[in-house]
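Tertiary structure, described
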Amino acid sequence: MAIIETEATLHVAHRDNHTHRDVNGGWLRPAVFGAMDGLVSNLALMTGVAAGSVSQQTIVITGLAGLAAGAFSMAAGEYTSVASQRELVEAELDVERRELRKHPKDEERELAELYEARGVEAGLAREVARQLSRDPEQALEIHAREELGIDPGDLPSPAVAAVSSFGSFALGALLPVLPYLLGATALWPALLLAMLGLFACGAVVAKVTARSWWFSGLRQLLLGGAAAGVTYALGSLFGAAVG
């Protein structure tokens with residue numbers, strides 16, 4: 001008896017400890033990638049301009065302009081994208097709502113066929129569909145999940161998406177400008193802080209991937225560094241040509 005109870009306890013403990021990563025990334029993925037986008041794009045912009053032997057004031061203005069333009073662009077794009085997606089989903093939900101109102105039996109049969117296709121015994125599938133279809137709102141939610149793959153009660157907010165994109169991009173884009181705002185007169189402090197930020201962003205991304213934090217951080221550091229190096233070379237080339 002003691003052995004059976006112990007095995008049962010271990011089985012329950014195993015089930016309690018059986019967790020998975022957040023494969024969708026939740027808020028972490030868009031926030032980190034927004035910051036990373038702002039960091040890489042503004043760092044590349046500033047290094048390209050700095051390579052042209054311009055004044056410190058010009059570099060700061062370029063960085064702040066890149067921050068503002070990029071953040072507003074990200075916010076506007078994200079708002080439009082999410083709003084359009086939400087409008088499309090709501091239109092499809094209206095179609096499904098009308099079908100449930102006009103042809104409830106056909107929709108109930110369709111739901112039963114979906115369950116049968118997934119291996120549920122025919123009689124049980126029909127009974128489950130019948131019970132679930134008694135509440136119109138519940139039926140709409142289930143049809144939306146089964147047929148459209150969406151949750152009507154959990155649609156993304158365009159305003160939240162826009163604000164979060166604006167904030168995360170602006171935060172990332174601020175890093176290479178910050179040393180200049182604090183009195184730096186050379187490019188290397190901005191590069192150093194930006195590189196640290198790139199590594200940190202990459203390491204955080206590892207929380208929603210299967211990679212180690214140091215690999216993810218180093219990969220992002222190399223990619224961001226490559227972007228900055230290319231734009232610096234182009235800035236030097238164009239600066240010499242224009243000068």
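For the structure, check the block above.
Right, let's walk through the structure included here. As the structure is a prediction and not an experimental result, all values here were calculated from the model.

About the criteria used
Residues numbered from 1 in each chain as written. Predicted model: local features only at pLDDT ≥ 70, side-chain atom pairs only at ≥ 80, totals over all residues. Heavy atoms only, no water. Helix = DSSP H or I, 4+ residues; strand = E, 2+ residues; numbered from the N terminus. Contact = heavy atoms within 4.5 Å. Axes fitted to C-alpha atoms, helices over the stretch in contact; angles between N-to-C directions. Parallel < 35°, antiparallel > 145°, perpendicular 65-115°, else oblique. Left-handed = near helix turned anticlockwise from the far one by under 90°. Nonpolar A, V, L, I, M, F, W, Y, C, P; charged D, E, K, R; others polar. Phe/Tyr/Trp six-rings, centres within 6.5 Å; stacked < 30°, edge-to-face > 60°. Buried < 20%, exposed > 50% of the residue type's maximum accessible area, 1.4 Å probe, protein only. Salt bridge = Lys/Arg side-chain N within 4 Å of Asp/Glu carboxyl O. Arc of directions from axis to C-beta. Polar contact = N/O pair within 3.5 Å; in protein donor to acceptor, adjacent residues only side chain to side chain. Core = buried A, V, L, I, M, F, W, Y, C linked by side-chain atoms within 4.5 Å.

**Overview of the side chain of Ser-216**
- Inspection of the secondary structure assignment puts Ser-216 in helix α9 (residues 213–242).
- Ignoring any residue separated from it by four or fewer positions in sequence, one finds Ser-216 in contact with Gly-202, Ala-203, Val-205 and Ala-206.

**Thoughts on unusual backbone geometry**
- The backbone of Ser-53 sits at a positive phi, close to 60 degrees, despite the residue not being glycine.
- You can see Ser-53 is positioned in the loop between α2 (28–50) and α3 (56–102).

**Section: the packing of helix α4 (residues 104–117) against helix α6 (residues 136–148)**
- Taken N-terminus to C-terminus, the directions of α4 and α6 make an angle of 50 degrees; their axes are 11 Å apart at the nearest point. As summarised for this structure, α4 and α6 are arranged oblique, according to the angle between their axes. When you trace α4 past α6, the crossing you get is left-handed. Of α6, the residues touching α4 (which contributes Glu-107, Glu-110, Leu-111, Leu-114 and Tyr-115) are Ile-142, His-143, Glu-146 and Glu-147.
- Here the contact of α4 with α6 is built from residues that sort into four nonpolar, one polar and four charged.

**Side note on the packing of aromatic side chains**
- What the rule picks out here adds up to three aromatic pairs.
- Seen from their ring centres, Phe-72 and Phe-166 are 5.0 Å apart, and the 70 degrees between their planes marks the pair as edge-to-face. Of this pair, Phe-72 sits in helix α3 while Phe-166 is found in helix α7 (residues 158–181), placing the two residues 94 residues apart along the sequence.
- Looking at Phe-166, the relative accessible area reads 30%, which means it is partly exposed.

**Comments concerning the packing of α3 against α6**
- At a minimum axis distance of 10 Å, the contact between α3 and α6 shows a crossing angle of 125 degrees. With respect to α6, the element α3 is oriented oblique. With respect to the hand of their crossing, α3 and α6 are arranged in right-handed fashion. Where α3 approaches α6, its residues Glu-92, Leu-93, Glu-96, Arg-97 and Leu-100 are matched on the opposing element by Pro-136, Glu-137, Ala-139, Leu-140, His-143, Ala-144, Glu-147 and Leu-148.
- In terms of residue class, the contact of α3 with α6 is built from seven nonpolar, one polar and five charged.

**Some details on the pattern of salt bridges**
- In total, this model carries eight salt bridges according to the counting rule given.
- Across the salt bridge formed by Arg-86 and Glu-90, the nearest N and O atoms sit 3.2 Å from each other. Of this pair, Arg-86 and Glu-90 are both found in helix α3, four residues apart, which corresponds to roughly one turn of the helix.
- Using a relative accessible area of 27% as the deciding quantity, one classes Arg-86 as partly exposed.
- A salt bridge links Arg-130 to Glu-127; the shortest N-O distance between them is 2.7 Å. In this pair, Arg-130 and Glu-127 are both assigned in helix α5 (residues 122–132), three residues apart and thus about one turn of the helix distant.

**Overview of α5**
- Along α5, the residues that are buried comprise Ala-125, Ala-129 and Leu-132. In an axial view of α5, the angular spread of the buried residues amounts to 70 degrees, which keeps them on one side of the axis.
- One side-chain oxygen of the residue at the start of α5 lies 3.1 Å from the amide nitrogen of Gly-123, identifying that residue as Glu-121.

**A few points about the nonpolar core**
- Among the nonpolar cores identified, the biggest contains 10 residues, and these are Val-32, Ala-35, Met-36, Leu-39, Leu-43, Ala-194, Leu-198, Cys-201, Val-205 and Ala-228.
- Those elements that place two or more of their residues in this core are α2 and α8 (188–205).
- When residues of this core are assigned to their parent elements, the largest contribution, five residues, is made by α2.
- For Val-32, the residues in contact, after removing those within four places along its chain, are Cys-201, Val-204 and Val-205.

**What to know about the environment of Leu-64**
- Of note, Leu-64 is situated in helix α3.
- Classification of Leu-64 by relative accessible area gives partly exposed; the value is 38%.
- Sequence separation of Leu-64 and Asn-42 is 22 residues, and the distance between their C-alpha atoms is 8.8 Å.

**A closer look at the environment of Ala-71**
- When you line up the elements, Ala-71 lands in helix α3.
- On the basis of relative accessible area, Ala-71 is assigned to the buried category, the value being 0%.
- Taking C-alpha positions, Ala-71 is 4.7 Å from Phe-166, a pair spaced 95 residues apart along the chain.
- Contacts of Ala-71, omitting those with residues within four sequence positions, involve Phe-166, Phe-169 and Ala-170.

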